[in-house]
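Here is how the chains run, residue by residue.
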Amino acid sequence: MSEIIHIYHTNDLHSHFTHWPRIQSLLKGRRQWHEEAGDMCLVLDIGDHVDRSHPFTEGSAGKGNIELLNEAGYDAVTIGNNEGITLSKSELDELYDQADFSVVVANLLDMDGKQPPWASPNKIIETKNGTKIGLVAATAEFTPFYRRLGWQVTSGREAIKQEAAAIRQSVDLLVCMSHLGIREDELLAVECPEIDIILGAHTHHLFHQGKEIGNTLLGAAGKFGYYVGHIEIDLETRKMTAEVIETDQLPEADEGFNEYLVGVGKQQMAETVFYNERPMKAEWFKHSAMAELFGDALVSFATADCGLFNAGIFMEDMPEGEMTRYDFHRMLPHPINPCVIDLSGAELKEIYLQSLNEDWPQLELKGMGFRGAVFGRMIHSRMDMHNHQLMVGGEPADPDRIYRLATLDLFTFGYFFPALKRAPKSYFMPEFLRDVFGDYFRMKTVK
């Protein structure tokens with residue numbers, strides 16, 4: 001069987017659209033080039049194309065991203081956690097309504113155990129020469145978040161192995177689209193050697209020339225559209241080569257595109273939330289009126305006893321005058337959900353003391369939903385310390401009493417507070433921090 005197949009792949013764009021015109025131009029040009037030469041060209045995205053930190057994505061609930069993928073001629077995508085858990089269930093169910101490509105994900109199910117109608121557990125694409133290319137895919141298992149939104153998410157690695165076994169005998173080439181992370185991909189290559197190619201994502205890793213594990217080739221293109229991955233397969237010799245194309249080195253194309261999309265998003269979120277009667281400044285390294293107000297909003301929303309968050313979440317000042325959805329989005333762009341955690345008074349005191357870490361305010365935090373610059377000072381709402389005694393709501397904390405702490409979901413992942421990863425908790429979804437703050441002002445205005 002003599003045929004050359006070219007696979008172009010992107011991942012973890014996170015709505016960084018600065019290089020998108022160059023990416024689109026490359027993909028459309030290469031497809032035309034390869035097809036004129038008689039070769040097969042396949043274009044895939046491995047998830048997290050959507051990121052609600054961008055106004056265009058927020059204003060369109062991600063559907064604008066689908067339009068861009070259509071225009072660039074993608075053949076298939078899988079979902080990342082940003083598609084899966086930063087949109088409500090109804091928004092995700094509608095996200096791909098106008099998609100001109102296939103959505104492949106094997107480990108996401110409705111609560112009744114059925115595959116959502118917009119996705120398939122696998123996909124077989126046949127070339128004009130009759131070669132059959134099988135696609136299998138899975139997404140990262142943020143189980144409590146998916147469950148809260150009304151989804152079941154199963155083991156990604158096991159789902160991929162199951163789908164690979166189901167179609168391996170029916171295809172000539174088996175490609176895995178994995179939004180599971182580099183460690184899972186490496187394990188998958190060992191445990192499922194029948195997969196020819198694993199295209200990776202989620203952990204933002206980059207393989208300049210691929211990585212071989214046994215007879216499986218791993219490809220990964222980093223993050224934010226800095227690179228486009230390209231794999232070439234000679235079916236006759238079974239030779240596979242991988243490279244990444246640096247988008248900075250591509251010819252310029254519509255350099256004002258991102259600013260245009262920001263303007264579109266601004267128009268889509270032009271409705272007024274409330275009228276602000278006094279300006280408030282975003283302070284990252286000290287207490288502020290805005291932090292105090294947000295703390296009140298967070299504690300009230302969660303019906304909690306106290307709150308804890310970092311001041312680095314505030315990206316813009318709050319000026320006097322009309323505040324629109326766009327203004328709130330600029331101020332709090334993070335796809336971060338509030339949560340409430342049950343802690344004894346003794347446990348709460350330990351968390352309070354850990355939060356005084358002097359290294360954290362200057363930390364340049366990346367990931368976990370945080371889209372700011374630096375972590376900032378930890379803000380304590382309705383709790384403080386006097387003479388080594390923790391006070392909650394102005395009263396001495398009872399070491400044995402259970403308190404409700406309102407905080408941010410990023411603090412439950414174990415990086416800052418390992419104890420919070422294990423503690424009983426409830427996530428509020430699909431509300432983001434900006435929704436909590438905006439709704440608090442709406443309620444105050446109504447009153």
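Residues numbered from 1 in each chain as written. Predicted model: local features only at pLDDT ≥ 70, side-chain atom pairs only at ≥ 80, totals over all residues. Heavy atoms only, no water.

Student: When you look at the nonpolar core in this model, what are you seeing that I'm missing?
Tutor: The tendency in soluble globular proteins is for nonpolar side chains to be buried as a group. With 99 residues, the main nonpolar core has W20, Y96, F314 and F437 as its most contacted residues. The element that contributes the greatest number of residues to this core is helix 10 (residues 289-302), accounting for eight residues. Excluding residues within four positions of it along the chain, W20 makes contact with L13, H49, L68, L69, A72, Y74 and F257. Within the second largest apolar cluster, 24 residues are counted, among which are I46, I125, A137 and M177. (Core = buried A, V, L, I, M, F, W, Y, C linked by side-chain atoms within 4.5 Å. Buried < 20%, exposed > 50% of the residue type's maximum accessible area, 1.4 Å probe, protein only. Helix = DSSP H or I, 4+ residues; strand = E, 2+ residues; numbered from the N terminus. Contact = heavy atoms within 4.5 Å.)

Student: Before we go on, may I ask you to explain the sheet that holds strand 20 (residues 383-386) in this structure?
Tutor: Neighbouring strands of a sheet are bound in pairs by backbone hydrogen bonds; such pairs are parallel or else antiparallel. In space, the three strands of this open sheet follow the order 20-21-22, with antiparallel pairing throughout. The open sheet has two edge strands, strand 20 and strand 22 (395-396), and neither has a second partner. Two elements, strand 20 and strand 21 (residues 389-392), share four bridges in a ladder whose sense is antiparallel. Looking at the pairing, M385 lines up with L390 of strand 21. Here helix 12 (residues 345-354) sits on the sheet and contacts strand 20 and strand 21; the angle it forms with strand 20, its principal contact strand, is near 85°. (Pairing = 2+ DSSP bridges. Axes fitted to C-alpha atoms, helices over the stretch in contact; angles between N-to-C directions.)

Student: Whenever I open this one, the sheet that holds strand 14 (residues 239-246) confuses me. Can you help?
Tutor: Overall, mixed pairing links the six strands, which are arranged 4-3-2-1-13-14 in an open sheet. Of all strands in the sheet, those bounded by a partner on one side alone are strand 4 (102-103) and strand 14. Of the pairings in the sheet, the one linking strand 2 (residues 40-45) to strand 3 (residues 76-77) comprises two bridges and is parallel in character. Note that in strand 3 the partner of D45 across the bridge is V77.

None of this, on its own, says anything about what the molecule does.
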